[in-house]
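Each chain is listed here by its residues.
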Amino acid sequence: MPVASTPTQPKRSRARLIQQGLLLILVGLACLTVYQVYKQRESDIRVEVIKTPGGWGYDILKNNKLVIHQPTIPGQPGMVGFTSQEQAQRVGERVVEKIKQTKALPTLTNEELRQLGVKIP
């Protein structure tokens, strides 16, 4: 003989579906929030090219705060700046890439500078 269903079974089933749906929405929102925070941190690092007495240099800013002030060609003796804004921009962008990859202050070799079009004095 079949058991008659009680009127509370469909209500419980629907309430459980609603709970699961809300939980799924909350998990989705949490994932989206984490992604947005991570994406924002990555994009908050930028290069500003600066004019210096010795040529051109660059500043690296993170969240609009100065992280690196580089008025000269990195690793070179004296106060020799880049010969063009474009050189300073290219090297600054490479530094930003390295910061994003390693999360540390980067170093550039003379070979990397040459590859970026910088003439080493």
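Everything that follows concerns the structure shown earlier in this document.
Residues numbered from 1 in each chain as written. Predicted model: local features only at pLDDT ≥ 70, side-chain atom pairs only at ≥ 80, totals over all residues. Heavy atoms only, no water.

### Description of the environment of threonine 107
Next up, step 1: The residue threonine 107 is located in the loop between α2 (85-102) and α3 (110-115) in this model.
Next up, step 2: Look at threonine 107 and you get exposed, because its relative accessible area is 61%.
Next up, step 3: Between the C-alpha atoms of threonine 107 and proline 74, which are 33 residues apart in sequence, the distance is 8.2 Å.
Next up, step 4: Those residues in contact with threonine 107 that lie beyond four places of it in its chain are Lys98 and Glu112. (Helix = DSSP H or I, 4+ residues; strand = E, 2+ residues; numbered from the N terminus. Buried < 20%, exposed > 50% of the residue type's maximum accessible area, 1.4 Å probe, protein only. Contact = heavy atoms within 4.5 Å.)

### Regarding the pairing of strand β2 (residues 55-62)
The two faces of a sheet get side chains in turn, since along a regular strand they alternate between them.
Next up, step 1: Most of β2 sits inside the fold, with seven of its eight residues counted as buried.
Next up, step 2: With eight bridges joining them, strand β1 (residues 45-52) and β2 adopt antiparallel strand pairing. When the bridges of β2 are listed, valine 47 appears paired with isoleucine 60.
Next up, step 3: A loop of two residues connects β1 with β2, the two strands running antiparallel in sequence.
Next up, step 4: Bridging between β2 and strand β3 (residues 65-70) involves five bridges; their strand directions are antiparallel. Bridge pairing in β3 links leucine 61 to leucine 66.
Next up, step 5: Connecting β2 to the antiparallel partner β3 that follows it, the hairpin turn spans two residues, and asparagine 63 within it adopts a positive phi of roughly 55°. (Pairing = 2+ DSSP bridges.)

### Notes on the sheet that holds β2
Next up, step 1: An order of β1-β2-β3 is seen for the three strands of this open sheet, with the pairing classed as antiparallel. Of all the strands in the sheet, the pair left with one neighbour each is β1 and β3. Each strand axis lies, on average, 25° off the axis of its neighbour in the sheet, ignoring direction. (Axes fitted to C-alpha atoms, helices over the stretch in contact; angles between N-to-C directions.)

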